[in-house]
Amino acid sequence: MKWFAVLGLAAVFSAQAAPEMCFTKAGQDFGIDPRLLMAHSIQESRMRNNALNTKSSGGTHDVCNMQINSSHFNQLKIFNITRERLLKNPCICIYTGAWIEARNFRQYGRNWDSVGMYNTGPSPKLIKQRREYAAIIKSIYRVLIARDEVYAAMSQQNKKTPAPESFLSADVNTVSK
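Let us look at the structure shown here. (Residues numbered from 1 in each chain as written. Predicted model: local features only at pLDDT ≥ 70, side-chain atom pairs only at ≥ 80, totals over all residues. Heavy atoms only, no water.)

Okay, a nonpolar patch on the surface next. On the surface, a nonpolar cluster with roughly 320 Å² of combined accessible area is contributed by Val150, Tyr151 and Met154. Looking at the secondary structure, you find methionine 154 in helix 7 (residues 127-160). (Patch = residues over 30% accessible without salt bridge, like charges linked within 9 Å, V, L, I, M, F, W, Y side chains within 5 Å. Areas by Shrake-Rupley, 256 points an atom, 1.4 Å probe, with all protein chains shown as cover. Salt bridge = Lys/Arg side-chain N within 4 Å of Asp/Glu carboxyl O. Helix = DSSP H or I, 4+ residues; strand = E, 2+ residues; numbered from the N terminus.)

Below you can see the structure in the form of structure tokens.
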């Protein structure tokens, strides 16, 4: 029974760790901060890979945690990436989102306007919406950076203050009596 509980916990933590590793790996492969990719996923779908949006403009729809627009599907066929694969595999979805972001950076530069194009595309008519979206992504991104800085500081603090020997020995002595 104990092993079943341990295996269950391991499965839960593995399932949660897998998407995090996908953001990291996709970010490394495409030269994009993984936290920026994660910010898109948080805004687009609250990181839910089964997310669907059938109300996009121009008769298109968006799928998976990165909300990949169906306008990209023809290009993605070259890589054997389909709507179904995007919905079934969070890592494929994250890599596809990274591919779109990297393409925006190559074409339009590494700036917040290009980040906004992830949602709106490059149309000059959508500059207001693009900048609003970029501002949202920027704020989420900053929170993720702050989170990592807090975790790093906490980790350093824990390394500097080892558990007191007297506490451990007192605890052991109490148990053995």
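Right, let's talk about the environment of glycine 109 for a bit. Tracing the backbone shows glycine 109 in the loop between helix 5 (90-108) and helix 6 (112-120). Here glycine 109 is in contact with Asn104 and Ser114, once residues within four sequence places are set aside. (Contact = heavy atoms within 4.5 Å.)

Below, the discussion takes up the nonpolar core. Of all hydrophobic cores here, the largest spans 31 residues; its most connected members are Leu36, Leu37, Met66, Ile68, Leu76 and Leu86. Put simply, the parts of the chain that give this core at least two residues each are helix 1 (2-30), helix 2 (34-45), helix 3 (73-76), helix 5, helix 6 and helix 7. In terms of residue count, the dominant contributor to this core is helix 5 (8 residues). (Core = buried A, V, L, I, M, F, W, Y, C linked by side-chain atoms within 4.5 Å. Buried < 20%, exposed > 50% of the residue type's maximum accessible area, 1.4 Å probe, protein only.)

The next point concerns the pattern of salt bridges. Applying the stated criterion to the full structure yields 7 salt bridges. Note that aspartate 113 and arginine 131 form a salt bridge whose closest N and O atoms lie 3.3 Å from each other. Taken together, the residues aspartate 113 in helix 6 and arginine 131 in helix 7 connect sequence positions 18 residues apart. We note a salt bridge from glutamate 132 to lysine 128, for which the minimum N-O separation is 3.6 Å. Placement of the pair is glutamate 132 and lysine 128 together in helix 7, with a separation of 4 residues, close to one helical turn.

Moving on to the sheet that holds strand 1 (residues 52-53). Spatially, 1-2-3 is the arrangement adopted by the 3 strands of the open sheet, whose pairing is antiparallel. In this open sheet, the two edge strands, each paired with only one partner strand, are strand 1 and strand 3 (68-69). (Pairing = 2+ DSSP bridges.)

A positive phi angle, close to 65°, is found at methionine 47, a residue other than glycine. Mapped onto the fold, methionine 47 is located in the loop between helix 2 and strand 1. One non-glycine residue, asparagine 80, lies in the positive phi region at around 60°. Checked against the element boundaries, asparagine 80 lands in the loop between helix 3 and helix 4 (83-88).

Another aspect to go through is the state of the cysteines. The final tally for this structure, using the stated rule, is 2 disulfides. Disulfide pairing places cysteine 22 opposite cysteine 91 at an S-S distance of 1.4 Å. Here cysteine 91 lies in helix 5 and cysteine 22 lies in helix 1, a separation of 69 residues in the sequence. Since its relative accessible area comes to 25%, cysteine 91 is described here as partly exposed. Each sulfur of the disulfide joining cysteine 64 and cysteine 93 lies 2.0 Å from the other. Note on the cysteine 64 and cysteine 93 pair: the S-S dihedral is about 75°, so by sign convention the disulfide is right-handed. (Disulfide = S-S within 2.5 Å.)

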